[in-house]
Amino acid sequence: MKRRLASSLAALISAAAALSACQGSDDQGPVNLSKGVPVGAVLALTGNANVYGQDQKIGIELALAALNGAGGVNGKPLALSIEDGGSAEPSANAAFTLQINRGMLALIGPTLSQQAFSADPIAQRRGVPVVAPSNTATGIPEIGHFISRVSAQSSVIAPLSIAKALQLNPSIRRAAVFYAQDDAYSTAETVIFQQALTAKGLKPVTVQRTQLNDQDFQSQITAALNQKPDLVVLSLQAMDGGNLIRQLRELGYRGAIVVGNGMNTPNIYPICQKYCDGILIAQAYSPELATPANQRFTAAFAAAQARNPKVSPIPPQLTAQAYTAMQVIGEALARLDRSQPLKSLSVSQARRALMDEILGGTYQTPLGEIRFTPEGEVIQKNFFVAQVRMNAGGKSGRFSLLP
Amino acid sequence: MEGLLQLLFNGLSVGAVYALFALGYTLVFSVLGVINFAHGAIFTLGAYFTYLLIGGAVGANGLLAGLQLPFALPFWLALPVAGMAAAAVALVVERIAFSPLRDRGSDPLLALITSLGAGVILVNLIQLLVGAESYSIPVGTLGSLPAALSIAGAKVRTVQVILLAIAGLLLAALSIWIDGSRSGKALQAVSEDPVTAQLLGINSGRMIQIAFGISGFLAGVAGGLVGLSVSIAGPYFGIGYGLKGLGVLVLGGLGSVPGAVLGGLIIGLAEACVPAELSGYKDAVSFGFLFLVLLIRPQGLLGRPQPNKV
């Protein structure tokens, strides 16, 4: 009996060792270019954050088509694999691990900052470059050397919309703040908003905590309205934020509303409908930016969306940022392949060298010219503040840039 | 006074949703002694059915992408029709997940697991057919009714008042049916002792189907109303309500119809009593409150103590 147990244990240990050896040898083995240059993406295509993931998928696929149309990586096509990271940390972790084990040279994603804090350390430990298209919380690039982002952090853009609200209405005195306490993006951004308010002499009269999956905000809203705010500042995701705005307006609030990056998607229009009208938002992207890169992108987006007349031909920020993430990886791979042919490198060598190329490059993107700090933080020149203008009937609208 | 009234409105408006959800839950439990975990998925379906029936279109994803019915019903008609469609699905769930196990005399725990499986399958089916995106019932669906009402300085959204009123009406109708009709009494008899009821000539299987049908109708109507109140947050819309509904069911007393309503309203009020600045913790408070009540009264507020069998 003891002997059988010992031999079973030995077999188990051997199998585990063989499996880990397998994994190690995959990373040390040559890059598999048989189906193209492997790049992975992990996007929230289902769950509460799916509204972002769907926008991002379009952007990544447009960039892929553009890159491969221009010859891919020096003649080799990019082979993109997209996995659904859901809208939760466990599914994002699983999708990251799956993509890394498949030998992806770089990853785009995950969609939410909350997921990034959980999944990015996996990529960091395995030495896989990550370019985040939409993580705006403080501390994302600081996760490690292999983590970078093309989405400007909240501290850079969020205060712009507060300043614009005060410029539009200098008589604003009382601000109410709402944020989702169980979401990394919301908790990070609300601190920045509150600091921006304080810097302008507007200490929030109330700070209301919600939760990501909340749908009814009657208690929080009525408590906030008791404080008679003339400005409401929201750090929420699209779904809960859209619902809160609708309920806020239905309960009679008529003042200014400033929202954070989580609501930076046209997918809020069907949620708050006519009540979306007038909300202010700072943006890291403008479809009106007159650069060749952006004009190519907007034209490609409009052409792709033409098949569905119900969809707006104007690209949202999340699509532009996802496009940019794919473009950055594609261009960095091409540069790397010219200096060190990918076929001569092991997977781990290629990943390490690619990270250096990503951080060392300058890119002409739909967001304008961007570069990276040595930590992986994006350096971007152009930021904008937009106001939502809903069409009559309240079914669709647009982010109208403010001067 | 104004603050107290506002707190009452806040609690009742949320509690009505929980109560309506738990009514259907408790009806099946009262007959079968099993919690139907597919109830949340049927609630979700009710919201989607309502959305489609009032003329909503399926989005860009899923096998039914772009689908729109060739007609559009007014909300007040769409809601009961959606309820009936949800009832039909509940009956299918009963036929697939409950009936075969009951016929074999299986342990009720197995039915609980199969209902969980049926719920997961339904949710995935919704996702497959209409995608994972959220849907919104248009603002203005209630016609010329004002968006909110102001009573003695306290404010409440009209849709919440309607929800509360419908929950009350359905409770009254259900109570009248259960206590005042022959079939309602037959249902009570089956819930007391299905074998004896069968011997007395009551068709237990039929009564169970009726319970499932009504439960599905209630879930469908609740889903449609909550969908009107907030956006339909994708296929997993009913999951959170399912968890809360379970708490309400236990608090009110397993199998007690008035208990489901009382439990819903109390949980709603408990949540509303959480200071607004700390309302992110309201779930912890409501479940903590549930825990305390059960320590004092393990059978729930209106439940009957389980007799010890010797």
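This structure is a prediction, so every number in the text was calculated from the model and none was measured.

Reading the values: rules and limits
Residues numbered from 1 in each chain as written. Chains lettered and ligands numbered in written order. Predicted model: local features only at pLDDT ≥ 70, side-chain atom pairs only at ≥ 80, totals over all residues. Heavy atoms only, no water. Patch = residues over 30% accessible without salt bridge, like charges linked within 9 Å, V, L, I, M, F, W, Y side chains within 5 Å. Areas by Shrake-Rupley, 256 points an atom, 1.4 Å probe, with all protein chains shown as cover. Salt bridge = Lys/Arg side-chain N within 4 Å of Asp/Glu carboxyl O. Helix = DSSP H or I, 4+ residues; strand = E, 2+ residues; numbered from the N terminus. Buried < 20%, exposed > 50% of the residue type's maximum accessible area, 1.4 Å probe, protein only. Phe/Tyr/Trp six-rings, centres within 6.5 Å; stacked < 30°, edge-to-face > 60°. Contact = heavy atoms within 4.5 Å. Buried area = accessible area lost by both parts, 1.4 Å probe. Polar contact = N/O pair within 3.5 Å; in protein donor to acceptor, adjacent residues only side chain to side chain. pLDDT = per-residue confidence, 0-100. Pairing = 2+ DSSP bridges. Axes fitted to C-alpha atoms, helices over the stretch in contact; angles between N-to-C directions. 1 Å grid on protein atoms, 1.4 Å probe; cavity = no way out; pocket = protein on both sides within 12 Å on 5 of 7 lines; lining within 4 Å. Points joined across faces, edges and corners; volume = space filled by probe spheres on them. Nonpolar A, V, L, I, M, F, W, Y, C, P; charged D, E, K, R; others polar. Core = buried A, V, L, I, M, F, W, Y, C linked by side-chain atoms within 4.5 Å.

Draft legend 1. Quick peek at a nonpolar patch on the surface. Residues and elements named next belong to chain B. Among the surface-exposed residues, Leu63, Leu64, Leu67, Leu125 and Leu128 lie close enough to one another that they form a single nonpolar patch of about 440 Å² accessible area. Following the sequence through the fold, Leu125 ends up in helix 4 (residues 108-130). When its relative accessible area of 41% is taken as the criterion, Leu125 is described as partly exposed.

Draft legend 2. Here's a closer look at the packing of aromatic side chains. In this structure the tally under the stated criterion is 14 aromatic pairs over all chains. A ring pair is formed by Tyr363 of chain A and Phe372 of chain A, whose centres lie 6.1 Å apart and whose planes are at 75°; its orientation type is edge-to-face. Residue Tyr363 of chain A is classed as buried on the basis of its relative accessible area, which comes to 0%. Relative to Tyr135 of chain B, the ring of Tyr51 of chain B has its centre 4.9 Å away and its plane inclined at 50°; by these criteria the two rings are tilted.

Draft legend 3. Inspection of the interface of chain B and chain A at higher detail. With 39 residues of chain B in contact, the opposing surface of chain A contributes 35 residues. Together, the buried faces of chain B and chain A total about 3000 Å²; carbon and sulfur atoms form 44% of this surface. One can count two salt bridges joining chain B with chain A. Note that Glu250 of chain A is salt-bridged to Arg157 of chain B, the shortest N-O span being 2.7 Å. Where chain B meets chain A, there are 14 residue pairs in polar contact (both at pLDDT 80 or more). Sorting the residues of the side of chain B that touches chain A by element identifies helix 1 (2-32), strand 2 (154-157), helix 8 (204-229), helix 9 (237-252) and helix 11 (282-296) of chain B as the ones contributing at least two each.

Draft legend 4. Up close: the environment of Gln114 of chain A. All names here are of chain A. Of note, Gln114 is situated in helix 4 (residues 113-126). With near-sequence residues (within four places) excluded, Gln114 lies in contact with Glu89, Asp182, Asp183 and Ala184. A polar side-chain atom of Gln114 sits 3.4 Å from a polar atom in the side chain of Glu89. Within the local environment of Gln114, its side chain forms a polar contact with the backbone nitrogen of Ala184, the two atoms lying 2.5 Å apart.

Draft legend 5. Spatial organisation of the confidence of the model for chain B. On average, residues of chain B score 88 in pLDDT, and 98% of them reach the 70 mark or higher. On the interface metric, ipTM, the complex scores 0.84, and its pTM is 0.83.

Draft legend 6. Region of interest: the sheet that holds strand 5 (residues 147-149) of chain A. Residues and elements named next belong to chain A. Sheet architecture is open: five strands sit in the order 2-1-3-4-5, paired in parallel fashion. Looking at which strands have only one partner, the edges of the open sheet turn out to be strand 2 (78-84) and strand 5. Where strand 4 (residues 130-132) lies against strand 5, three bridges are found, and the strand directions are parallel. Counterpart to Val131 in the pairing with strand 5 is Ser148. The strands touched by helix 2 (residues 50-69) within the sheet are strand 1 (37-43), strand 2 and strand 3 (107-108), with strand 2 carrying the most contacts at an inclination of about 170°.

Draft legend 7. Examining the layout of surface pockets more closely. Residue and element names in this part refer to chain B. Reported here for the second largest pocket is a volume of approximately 1300 Å³. Around the second largest pocket, the lining is made up of 42 residues, and of these Phe29, Ser30, Val31, Ser191 and Glu192 lie nearest the centre. Elements with a minimum of two residues in the lining of the second largest pocket: helix 1, helix 3 (75-103), helix 4, helix 5 (158-180), helix 6 (182-192), helix 7 (194-199), helix 8 and helix 10 (257-273). A per-element tally of the lining of the second largest pocket places helix 1 first, with five residues. Residues that form the lining of the second largest pocket fall into these classes: 22 nonpolar, 14 polar and six charged.

Draft legend 8. The arrangement of unusual backbone geometry in detail. Going from Gly109 of chain A to Pro110 of chain A, the amide bond is cis rather than trans, its omega being -15°. Locating Pro110 of chain A in the fold gives a position in the loop between strand 3 and helix 4. At Asn74 of chain A, a position not held by glycine, the phi torsion is positive, near 50°. The phi angle at Ala152 of chain B is positive, at roughly 50°, despite the residue not being glycine. Note that Ala152 of chain B resides in the loop between strand 1 (148-151) and strand 2. The class of Ala152 of chain B is exposed, set by a relative accessible area of 60%.

Draft legend 9. View of the environment of Ile279 of chain A. Residue and element names in this part refer to chain A. Relative to the elements of secondary structure, Ile279 occurs in the loop between helix 9 (269-272) and strand 10 (280-283). You can call Ile279 buried: its relative accessible area is 1%. The spatial distance from the C-alpha of Ile279 to the C-alpha of Ser161 is 9.9 Å, given a sequence separation of 118 residues.

Draft legend 10. Expanded view of empty space enclosed by the protein. Residue and element names in this part refer to chain A. Following the criterion strictly, the structure yields three cavities of 30 Å³ or more and no others. One number sums up the size of the largest cavity: a volume of about 120 Å³. Contributing to the lining of the largest cavity are Tyr52, Thr111, Leu112, Ser113, Ser134, Thr136, Tyr185, Gln237, Asn261, Gly262 and Leu318. Counted by class, the lining of the largest cavity contains four nonpolar, seven polar and no charged residues.

Draft legend 11. Looking closely at the nonpolar core. In terms of nonpolar packing, the biggest core is built from 90 residues, with Val93, Leu225 and Phe237 of chain B touching the most fellow members. It is helix 1 of chain B that contributes the most residues to this core, 14 residues altogether. With residues near it in sequence (within four places) discarded, Leu225 of chain B still touches Leu20, Phe75, Leu79, Val159, Ile162, Leu163 and Ile166 of chain B. The next biggest cluster of nonpolar side chains, apart from the first, holds 69 residues, and it includes Ile157, Leu231, Val258 and Leu354 of chain A.

Draft legend 12. Fine view of the sheet that holds strand 12 (residues 368-372) of chain A. Residue and element names in this part refer to chain A. The strand order across the open sheet formed by three strands is 11-12-13, and the pairing between neighbours is antiparallel. Looking at the sheet topology across the chains shown, the edges are occupied by strand 11 (363-365) and strand 13 (378-380). Strand-to-strand twist in this sheet, taken as the mean axis angle between neighbours without regard to direction, amounts to 35°. Inspection of the sheet shows strand 11 paired to strand 12 by three bridges, in the antiparallel sense. The residue of strand 12 that forms the bridge with Gln364 is Glu369. Set on the sheet, helix 11 (residues 317-339) makes contact with strand 11 and strand 12; between it and strand 11 the angle comes to about 150°.

Draft legend 13. Examining the pattern of salt bridges more closely. Residues and elements named next belong to chain A. The tally for this structure, following the rule as stated, stands at 14 salt bridges over all chains. Among the ionic pairs, Glu357 bridges to Arg335, the shortest N-O distance being 3.1 Å. Here the residue Glu357 occupies a position in helix 12 (residues 347-360), and Arg335 occupies one in helix 11, the gap between them amounting to 22 residues. With a relative accessible area of 24%, Arg335 lands in the partly exposed category. Bridged by salt links that share partners, the residues Asp27, Arg126 and Arg351 form one connected network.

Draft legend 14. Structural context of the side chain of Gln321 of chain A. Residue and element names in this part refer to chain A. Looking at the element boundaries, Gln321 is found in helix 11. According to the relative accessible area criterion, Gln321 is buried, its value standing at 1%. With near-sequence residues (within four places) excluded, Gln321 lies in contact with Pro133, Ser134, Val150, Ser151, Ala152, Ala284 and Leu367.

Draft legend 15. Focus on the confidence of the model for chain A. Here chain A shows a mean pLDDT of 90. Residues at 70 or above account for 93%. Contacts for the low-pLDDT stretch residues 16-25 of chain A, under 50 throughout, to residues beyond four places or in other chains number two contacts.

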